[in-house]
Amino acid sequence: MTGWIFRRRNKSVILTSMNRDLLLTALAPLIWGTTYLLTTTFVSELPALLLGVMRILPAGLLLWLLSRRLPPPGWWGRVAVLAVLRQALFFVLLYGAALHLPGGVAATVGASSAMLVVLLAWPVLGQIPTRLNLALAGAGLAGVALISLSGGEALSAAGLMFALGFALVNALGTVLFGRWGPPPGARPLDQVAWELTLGGLMLLPFALPSASALTHLPPSGWAALTVMTLIGTALAAVLWQRGLNRLPVQQVGLLAPLSPLTAVLLDVVFLRDWLTGIQLLGAALVLASVALNAAAPRPGAPTRTGKT
């Protein structure tokens, strides 16, 4: 009897810890959902490449000053691949979508990364999608579609391609990290610092020709860039990486619908773009999928294949 009670308590502690980790990780897509309003309101005149560099390189250098570590031998290649996928390409495509589409629509298409993570985990990690995974990913996507794609407006083909692109590279980077795991002894702060710095340096030569556009940026634009760099990149990326280190990648990926939900709610608050009944149903679906994702019992650590 005592052993049964101990096992029950131990399981309860593990689940409570996982839920706490999941809640902290969920802050990242909530923060990222502010990108669209800030971009279209304050920095819409800047090109996507320059926006990407201004967002990730200063954040990476700041975190590296706090980290003061380098990737261990044999890990530079993997870190570089993740830097390209999760930082350089991701942010350029994200801003390309934000500059060509309404914020809610861009975030909605980008939220397809939730389903992509579930599907890519099958061939890359050998993890067959469960019915729960598929149901939660599908419910989240249906919810954001009801929220953002019900207006019937003509959408930019280029913007849709950008949004699909950042969803794909984000999902692929997430699943590859699930395959490789963190470098030995690396903290989330270290991993994010390496990726952001390398990703920013890769983009810098392509962004320099348009750097003169920064001279015309008003103080409000610089304030928006500062918020997106310090909070939307440095803080959010560390929280997201912490979640990837502690939780299964599929569970983390299913938090993606929180980003478009935030984008649409910000439009309501600041642009007075009120939700319809259908959009409220979509919001309920998103919140329900995230709540069920948090409540579902799963193993206490990320699943790795151990392959190189």
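Structural notes, computed from the coordinates. (Residues numbered from 1 in each chain as written. Predicted model: local features only at pLDDT ≥ 70, side-chain atom pairs only at ≥ 80, totals over all residues. Heavy atoms only, no water.)

**Considerations on the overall build of the chain**
Next up, step 1: When you go through the chain residue by residue, the secondary structure sums to 13 helices and zero strands.
Next up, step 2: For the chain, the N- to C-terminal ordering of α and β elements is α-α-α-α-α-α-α-α-α-α-α-α-α.
Next up, step 3: Out of the 308 residues in the chain, the part that is buried amounts to 52%.
Next up, step 4: Contacts spanning at least 24 positions in sequence make up 91% of the contacts within the chain whose residues lie at least 6 apart. (Helix = DSSP H or I, 4+ residues; strand = E, 2+ residues; numbered from the N terminus. Buried < 20%, exposed > 50% of the residue type's maximum accessible area, 1.4 Å probe, protein only. Contact = heavy atoms within 4.5 Å.)

**A word on the environment of Thr35**
Next up, step 1: Tracing the backbone through its elements, the reader meets Thr35 in helix α2 (residues 35-42).
Next up, step 2: Thr35 gets classed as buried once you look at its relative accessible area, which sits at 2%.
Next up, step 3: A sequence separation of 198 residues divides Thr35 from Thr233, and the C-alpha atoms of the two residues are 10.0 Å apart.
Next up, step 4: Residues within four places of Thr35 in sequence aside, it is in contact with Arg55, Leu94, Tyr95 and Met228.

**Comments concerning helix α6 (residues 113-125)**
Next up, step 1: At Leu119, α6 shows its largest kink, close to 25 degrees, and the proline Pro123 lies no more than four residues downstream.
Next up, step 2: Residues of α6 that are buried: Ser113, Ala114, Met115, Val117, Val118, Ala121, Val124 and Leu125.
Next up, step 3: Gly126 sits one or two positions beyond α6 and adopts a positive phi of about 75 degrees. (Bend = angle between axes of the 7 residues up to and from the residue.)

**Some remarks on the side chain of Thr262**
Next up, step 1: Structurally, Thr262 is set in helix α12 (residues 258-271).
Next up, step 2: Of the residues examined, Thr262 reaches a relative accessible area of 13% and is grouped as buried.
Next up, step 3: Each residue touching Thr262, except ones within four places of it in the same chain, is listed here: Pro29, Leu30, Gly33 and Thr34.

**Concerning the pattern of salt bridges**
Between side chains of opposite charge, pairing is possible as soon as their charged atoms come close.
Next up, step 1: Under the defined criterion, the tally for this structure stands at five salt bridges.
Next up, step 2: The partner of Arg246 in a salt bridge is Asp21, with the nearest N and O atoms 3.7 Å apart. In this pair, Arg246 is assigned in helix α10 (residues 219-246) and Asp21 in helix α1 (residues 2-32), connecting sequence segments 225 residues apart.
Next up, step 3: Exposure remark for Arg246: the relative accessible area of 39% places this residue in the partly exposed category.
Next up, step 4: Looking at Asp21, the relative accessible area reads 5%, which means it is buried. (Salt bridge = Lys/Arg side-chain N within 4 Å of Asp/Glu carboxyl O.)

**Digging into the packing of aromatic side chains**
Next up, step 1: Under the criterion given, the structure shown has three aromatic pairs.
Next up, step 2: Ring geometry for Phe90 versus Phe91: centroids 5.1 Å apart, planes at 80 degrees, classification edge-to-face. Neither residue differs from the other here; Phe90 and Phe91 are each classed as buried.
Next up, step 3: Members of the aromatic cluster, connected to one another through ring pairs, are Phe90, Phe91 and Phe166.
Next up, step 4: One Lys or Arg, Arg78, reaches over the ring of Trp75 and ends 4.6 Å from the middle of that ring.
Next up, step 5: The ring centre of Phe177 lies 5.4 Å from the NZ or CZ of Arg86, which sits over that ring. (Phe/Tyr/Trp six-rings, centres within 6.5 Å; stacked < 30°, edge-to-face > 60°. Lys NZ or Arg CZ within 6 Å of the ring centre and 35° of its normal.)

**Notes on the nonpolar core**
Next up, step 1: Tyr36, Leu46, Phe166 and Leu225 are the most contacted members of the largest nonpolar core, which totals 70 residues.
Next up, step 2: Considering each element in turn, this core owes the most residues, 11 residues, to helix α4 (residues 76-100).
Next up, step 3: Once residues lying within four places of it in the same chain are set aside, the contact partners of Leu46 are Leu51, Leu99, Ala213, Leu214, Leu217 and Leu225.
Next up, step 4: Ranked by size, the runner-up nonpolar core spans seven residues in total, among them Ala114, Met115, Leu136 and Ala256. (Core = buried A, V, L, I, M, F, W, Y, C linked by side-chain atoms within 4.5 Å.)

**Some details on a nonpolar patch on the surface**
Next up, step 1: On the surface, a nonpolar cluster with roughly 390 Å² of combined accessible area is contributed by Leu62, Val227, Leu230, Ile231 and Leu235.
Next up, step 2: The biggest single contributor to the nonpolar patch is α10, with four residues.
Next up, step 3: Position of Leu235 among the secondary structure elements: in helix α10. (Patch = residues over 30% accessible without salt bridge, like charges linked within 9 Å, V, L, I, M, F, W, Y side chains within 5 Å. Areas by Shrake-Rupley, 256 points an atom, 1.4 Å probe, with all protein chains shown as cover.)

**Structural notes on α12**
Next up, step 1: For α12, which comprises 14 residues, the first-to-last C-alpha distance of 19 Å matches the rise-based estimate of 20 Å (1.5 Å per residue) to within 8%.
Next up, step 2: Counting buried positions along α12 gives 10 out of 14 residues, so the element sits mostly inside the fold.
Next up, step 3: Burial in α12 covers these residues: Leu258, Ser259, Pro260, Leu261, Thr262, Ala263, Val264, Leu266, Asp267 and Val268. (Expected span 1.5 Å × (residues − 1).)

**Side note on the packing of α2 against α10**
Next up, step 1: Across the interface, α2 lies against α10 with an axial gap of 10 Å and an inter-helix angle of 160 degrees. When the axis of α2 is compared with that of α10, the two are roughly antiparallel. Both α2 and α10 take part in a crossing whose hand is left-handed. Where α2 approaches α10, its residues Thr35, Leu38, Thr39 and Phe42 are matched on the opposing element by Ser220, Gly221, Ala224, Val227 and Met228. (Axes fitted to C-alpha atoms, helices over the stretch in contact; angles between N-to-C directions. Parallel < 35°, antiparallel > 145°, perpendicular 65-115°, else oblique. Left-handed = near helix turned anticlockwise from the far one by under 90°.)

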